Amino acid sequence: MRVLGVDPGLTRCGIGVVEGVAGRPLTMLGVGVVRTAADTEIGPRLVAIEQGIEAWIDQHRPELVAVERVFAQHNVRTVMGTAQASAVAMLCASRRGIPVALHTPSEVKAAVTGSGRADKAQVGAMVTRLLRLDAPPKPADAADALALAICHIWRAPVMNRLQLAHAAARSRIPPTASVRKVTR
């Protein structure tokens, strides 16, 4: 499986491509950052992010795009920018028919480090080990994008089994069935 991970942001949008399957060594195919200037209007910044993501998709042909799920922060301006960059990534993938998966920062940290509370240095160190790199990718947004891709590759088989089990369970229960109270 080839996954393009996107750590959305207006100033620095981390991009990383990882290939592999759960339980086997993973390979980094590329890592980088799409940058925009903070003093530029929002429209041109979003276009620049779109063009950057499109170029990565053209070059690496991912089977799936994993994007960090936007979470609530105290700084509304930061949340808005992150949400806008996230939407651009989802749009780029969806326009091409590429599935999109969203993962929370805690899910990614837990998948890569074993702790949902890991800091950026710990994530960078584990990404370096897992992908057998000489040094952590810089800036941290790039390492976070790789962590997103790794998280999805590792979680996808489990998520697929859960979805299949849920669908099978739903197909065995008639839609008009009701739950009866059992008394003793």
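Anything mentioned here points back to the structure above.
Since the structure is predicted, the reported quantities are computational estimates derived from the model, not experimental observations.

What counts as what
Residues numbered from 1 in each chain as written. Predicted model: local features only at pLDDT ≥ 70, side-chain atom pairs only at ≥ 80, totals over all residues. Heavy atoms only, no water. Axes fitted to C-alpha atoms, helices over the stretch in contact; angles between N-to-C directions. Helix = DSSP H or I, 4+ residues; strand = E, 2+ residues; numbered from the N terminus. Parallel < 35°, antiparallel > 145°, perpendicular 65-115°, else oblique. Left-handed = near helix turned anticlockwise from the far one by under 90°. Contact = heavy atoms within 4.5 Å. Nonpolar A, V, L, I, M, F, W, Y, C, P; charged D, E, K, R; others polar. Salt bridge = Lys/Arg side-chain N within 4 Å of Asp/Glu carboxyl O. Buried < 20%, exposed > 50% of the residue type's maximum accessible area, 1.4 Å probe, protein only.

(A) Local environment of the packing of helix 1 (residues 42–60) against helix 2 (residues 76–95). Running from N to C, helix 1 and helix 2 point in directions that differ by 40°, and their axes come no closer than 9 Å. As far as their axial angle goes, helix 2 and helix 1 are oblique. Classified by chirality, the crossing of helix 2 by helix 1 is right-handed. Here helix 1 contributes Ile-42, Leu-46, Ile-49, Glu-50, Ile-53, Glu-54 and Ile-57 to the contact with helix 2, which in turn contributes Gln-84, Ala-85, Val-88, Ala-89, Cys-92, Ala-93 and Arg-95. For the contact of helix 1 with helix 2, the residue count by class is 10 nonpolar, one polar and three charged.

(B) Representation of the pattern of salt bridges within the structure. Applying the stated criterion across every chain, the model contains eight salt bridges. For Arg-12, the salt bridge identified is with Asp-141, shortest N-O distance 2.6 Å. On the criterion of sequence distance, the pair formed by Arg-12 in strand 2 (residues 12–19) and Asp-141 in helix 5 (residues 140–172) is long-range, its members being 129 residues apart. On the basis of relative accessibility, which here comes to 11%, the residue Asp-141 falls in the buried class. Its salt-bridge partner being Lys-120, residue Asp-144 comes within 2.4 Å of it at the nearest N-O pair. Separated by 24 residues along the polypeptide, Asp-144 in helix 5 and Lys-120 in helix 4 (residues 120–130) bring together distant segments of the chain. Asp-144 sits in the buried class, given a relative accessible area of 9%. Connected through salt bridges with shared partners, the residues Glu-50, Glu-54, Asp-58, Arg-95 and Arg-96 form a single ionic network.

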